[in-house]
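Observations on the three-dimensional arrangement
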Amino acid sequence: MKSIDAEPFAYPLPPDTLPVLIVIDMQRDFIEQGGFGSALGNDVSLLLDIVPTVKKLIQAFRDLDLPVIHTREAHKADLSDCPQSKRLRGDCKLRIGDKGPMGRVLIDGEPGNAIIPELTPIEGEYELTKPGKGAFYNTSLQEILDKHGTTLLLFAGVTTEVCVQTSMREANDRGYQCLLVEDATESYFPEFKRAAIDMITAQGAIVGWVADCDEVVEALKDTYGK
Ligand code: C5J
């Protein structure tokens, strides 16, 4: 059986199931200078740096006709899907639903909530709004994955230790084999990215595997290329 050269050991690519790529929350407000993330004092350049790698990964899936799912952390305009516990927590200058530099923060349809233009989904790809940190909570992700009959999920996006890791843990509990593409994910806090990767791969891939984009793309081409 073919596999991806990964940590802590090879990630198997069984012939009877196709991998699905889940790109978490590559939205303007987290990534772009002048958005919500930078208004909170974060160094968004760290997140911007992964954009070419995420693009390359998405392109490999497109070239191989493999499914791509994009998520956005987003709430309804009336905030009916945003618990007060989430909205009011933290020492924030800006809260969910407040008017930020790119429109209302984390509200579906606002300019800052859009996926960055470099990674705009194309026809045939899925774009899910997710009101929680995890991609399964209050979304149609499970139905989409059931439709594709996959057991293999590859993850990219931001931030590694929050929405990416939460989504991987949700997927892990639902029986998926999860691989995180290390150079296609990032955090505002490099030490948190490192720690999240260590937690994911510890104890024989307790949550999942990690590999670089080039290793992933090479293995996918070798396995699913014509
Ligand atoms: C956060 C995310 N950090 N996408 N969201 O609030 O990780």
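Report on the accompanying structure.

1. Observations regarding the sheet that holds strand S4 (residues 68–73)
Sheet architecture is open: 6 strands sit in the order S7-S4-S3-S8-S9-S10, paired in parallel fashion. This sheet does not close on itself; its edge strands, each paired only once, are strand S7 (126–130) and strand S10 (209–211). For this sheet, the mean inter-axis angle between neighbouring strands, taken without regard to orientation, is 25 degrees. Sheet contacts for helix H4 (residues 51–63): strand S3 (20–24), S4, strand S8 (152–158) and strand S9 (177–186); angle to S3, the most-contacted strand, approximately 150 degrees.

2. Focus on the site of the ligand
Taken together, the residues surrounding the ligand are Asp-25, Phe-30, Glu-73, Lys-133, Val-158, Thr-159, Val-162 and Cys-163. For the ligand, an oxygen atom lies 3.0 Å from a polar atom in the side chain of Thr-159. In the complex, the protein chains occlude 85% of the 230 Å² of accessible area that the ligand would expose alone. In the shell around the ligand, the residues fall into 4 nonpolar, 1 polar and 3 charged.

3. Things to note about the pairing of S8
With 7 of 7 residues buried, S8 lies mostly within the body of the structure. Going residue by residue along S8, you find Leu-152, Leu-154, Ala-156 and Val-158 tucked away on one face and Leu-153, Phe-155 and Gly-157 tucked away on the opposite face as well. Bridge count between S3 and S8: 5 bridges; the pairing is parallel. Of the residues in S8, the one forming a bridge with Ile-22 is Phe-155. With 6 bridges connecting them, S8 and S9 associate as parallel partners. Residue pairing in the sheet places Leu-152 in a bridge with Gln-177 of S9. With helix H7 (residues 160–173) bridging S8 and its parallel neighbour S9, the resulting β-α-β unit is right-handed.

4. A closer look at the packing of H4 against helix H9 (residues 213–224)
Direction vectors running N to C along H4 and H9 enclose 10 degrees, while the axes themselves pass 10 Å from each other. As the angle between them shows, H4 and H9 are arranged roughly parallel. Every residue of H9 that contacts H4 at Thr-53, Lys-56, Leu-57, Ala-60 and Phe-61 is listed here: Cys-213, Asp-214, Val-216, Val-217 and Leu-220. Taken together, the residues of the contact of H4 with H9 break down into 7 nonpolar, 1 polar and 2 charged.

Cut-off values and rules
Residues numbered from 1 in each chain as written. Predicted model: local features only at pLDDT ≥ 70, side-chain atom pairs only at ≥ 80, totals over all residues. Heavy atoms only, no water. Pairing = 2+ DSSP bridges. Helix = DSSP H or I, 4+ residues; strand = E, 2+ residues; numbered from the N terminus. Axes fitted to C-alpha atoms, helices over the stretch in contact; angles between N-to-C directions. Contact = heavy atoms within 4.5 Å. Near = heavy atom within 4 Å. Polar contact = N/O pair within 3.5 Å; in protein donor to acceptor, adjacent residues only side chain to side chain. Areas by Shrake-Rupley, 256 points an atom, 1.4 Å probe, with all protein chains shown as cover. Nonpolar A, V, L, I, M, F, W, Y, C, P; charged D, E, K, R; others polar. Buried < 20%, exposed > 50% of the residue type's maximum accessible area, 1.4 Å probe, protein only. Right-handed = clockwise from strand over helix to strand, strands pointing away. Parallel < 35°, antiparallel > 145°, perpendicular 65-115°, else oblique.

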